[in-house]
Amino acid sequence: MLLRHTPEKINERHALTINPAKTCQPIGAMYAALGMHGCLPHSHGSQGCCAYHRSTLTRHYKEPISAGTSSFTEGASVFGGQANLLQAINNIFTVYEPQVVAVHTTCLSETIGDDLPQIIDKAGKEGKIPKGRYVVYANTPSYVGSHVTGFSNMVKGMARVAESTGHKNGKVNIIPGWVEPADMEEIKRLAGLVGVDIILFPDTSGILNGPMSGEYKMFPEGGVTIDQLKSAGDSLGTLALGEWCSADAARFLDTNNKVPCRVLDIPIGLKATDRFVDALRIIAGVSVPEEVTHERGQLVDMVSDMHQYFFHKKVALAGDPDQLIALTEFLVSIDMWPTHLVSGTPGRAFEKRIRELTADLPYKVNVKADQNADMFLLHQWIKNDPVDLLIGNTYLKYIARDEDIPLVRWGFPIVDRVGHQYFPTVGYKGGLRLLEKILSAILDRKDRDDPEQSFELVM
Ligand code: SF4
């Protein structure tokens, strides 16, 4: 009982977070940056931050994550990190020759107040940025927001590369939100099936789920190119998947480059995928292709075949707002009952959406989304009102073990299993995968717990 000290009685806490349901901003910025082709992320702060961010991403993706650091010591902490960053930009372009360096700040450089645009401008004027190479940036102070905020900020930094020539390129920008590389591949596949020419950014497919080829490539194939990012300013429109991760960049392109945007949910589950496919269909001016309809039918078939096992199963969820909103809608649509939800990413709109999606359930859902929302509170809720299933990242395994509840690993980070890099959970195919995982967890538990007289061979 590793969590044996978690009490049932819930006391209001303001100054203490225990097992937070989030991680720090630069991790999100680093993940987004890796979705640019030939990009070396750079952490403007001390070495420890960078090591932590890299190791978290490495543990989740099981891939080496390269990133530079400004290596702050006492001097930079007192006098500012400009000299370190100028030196770093020069070193990185000289030694590693990336197409783009993506700089994000840390708590320390933000507290000092380092002015990234000014320093990057100075680097350009001093000839430290070779012709045709780019430095993008994001401010990622980790004492506000979460890894989701950092992701969104870096995606907005990427949107700043967009240029408007006055000639439309006939493409649609899709900002996929914080999803797995396999999900990004799936979004591209669906858009291709519907016949929409897209610019997807960021795009970590091929970078964080690449093959073992026997040859080390510092910059693997894959990722959105700088030319594509420039061209994003000439696109017909932008589909932003997820309010928290993608909307800021899409609205920036709308305001700055007059590229109209629409914000949708991440296409997780039947309804959200329907809305995504419908948006693509309208853009392409076509009917939904038979192949996509076929995949949808398979998902509906699995739901109807196995509905009795999903029916009124209570679920506790921890994760990020964009993902939890789409997942909650999916679970409710198959008659499961989301019961407790926590997200460490602040946002009142999240709670409002969850309340709307769960309005027809026969009880009021426990939901909390702010800096102090933590797994400790989730555990307390579960002690007071037990659930049949947990869905969330690896950190839920402690609650799963102590309360003997099956856990479906989904979200970020997953550091003790594989598969999330390779098998999508977006789109209809992804919905099948997600249902299969949920169903396996529920049925494995049923097989374990059923008395002999009701132990079934066929389910
Ligand atoms: S929370 Fe701040 S100090 Fe800690 S690792 Fe993240 S950026 Fe560094």
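Procedures and definitions
Residues numbered from 1 in each chain as written. Predicted model: local features only at pLDDT ≥ 70, side-chain atom pairs only at ≥ 80, totals over all residues. Heavy atoms only, no water. Buried < 20%, exposed > 50% of the residue type's maximum accessible area, 1.4 Å probe, protein only. Helix = DSSP H or I, 4+ residues; strand = E, 2+ residues; numbered from the N terminus. Pairing = 2+ DSSP bridges. Phe/Tyr/Trp six-rings, centres within 6.5 Å; stacked < 30°, edge-to-face > 60°. Lys NZ or Arg CZ within 6 Å of the ring centre and 35° of its normal. Axes fitted to C-alpha atoms, helices over the stretch in contact; angles between N-to-C directions. Contact = heavy atoms within 4.5 Å. Core = buried A, V, L, I, M, F, W, Y, C linked by side-chain atoms within 4.5 Å. Domains from an automatic or database assignment. Salt bridge = Lys/Arg side-chain N within 4 Å of Asp/Glu carboxyl O. Nonpolar A, V, L, I, M, F, W, Y, C, P; charged D, E, K, R; others polar.

1. Quick word on the pairing of strand β12 (residues 389–392)
Across the two faces of β12 the burial is the same, with Leu 389 and Ile 391 and Leu 390 and Gly 392 all buried. With three bridges connecting them, strand β9 (residues 314–318) and β12 associate as parallel partners. When the bridges of β12 are listed, Ala 316 appears paired with Leu 390. As paired elements, β12 and strand β13 (residues 407–409) share three bridges and run parallel to each other. Across the sheet, the residue bridging to Gly 392 is Arg 409, located in β13.

2. Re the packing of aromatic side chains
Throughout the structure, instances matching the rule amount to seven aromatic pairs. Arranged with centres 5.7 Å apart and planes meeting at 70 degrees, the rings of Trp 337 and Tyr 363 form a pair that is edge-to-face. With Trp 337 in strand β10 (residues 337–343) and Tyr 363 in the loop between α14 (348–357) and β11 (366–369), this pair connects stretches of sequence that are 26 residues apart. Residue Trp 337 is classed as buried on the basis of its relative accessible area, which comes to 17%. Taken together through their ring pairs, the aromatic side chains of Tyr 31, Tyr 61, Phe 151, Trp 178 and Phe 412 make up a single cluster. If you follow Arg 160 out to its NZ or CZ, it ends over the ring of Tyr 137, 4.4 Å from the centre. Over the face of the ring belonging to Tyr 363 we find Lys 314, whose NZ or CZ atom lies 5.5 Å from the ring centre.

3. Observations regarding the sheet that holds strand β8 (residues 261–264)
What the four strands build is an open sheet, ordered β6-β5-β7-β8; its pairing is parallel. Lying at the two open borders of the sheet, with one neighbouring strand each, are β6 (198–200) and β8. The average angle at which neighbouring strand axes cross in this sheet is 20 degrees, direction not considered. The strands that helix α11 (residues 270–284) touches are β5 (172–175), β7 (237–241) and β8; relative to β7, the one it contacts most, it runs at about 175 degrees.

4. Topic: the nonpolar core
Counting residues in each nonpolar core, the largest one holds 107 residues, and the members touching the most others are Met 36, Ile 174, Phe 201, Ile 391 and Ile 438. No other element matches helix α17 (residues 427–449), which puts nine residues into this core. Dropping the residues within four chain positions of it, Ile 438 is found in contact with Phe 310, Leu 331, Met 336, Leu 389, Ile 391 and Val 408. Listed in part, the 18 residues of the second largest apolar core include Ala 373, Leu 377, Ala 400 and Ile 405.

5. Remarks on the domain arrangement of the protein
Here the domain parsing of the protein yields domain 1 (25–159), domain 2 (172–288) and domain 3 (291–453). Each of domain 1 and domain 2 has a C-alpha centre, and these two points are 23 Å apart. Taken together, the contacts link 29 residues of domain 1 with 33 residues of domain 2. Here domain 1 and domain 2 share zero salt bridges between them. Taken together, the residues of the side of domain 1 that touches domain 2 sort by class into 18 nonpolar, eight polar and three charged.

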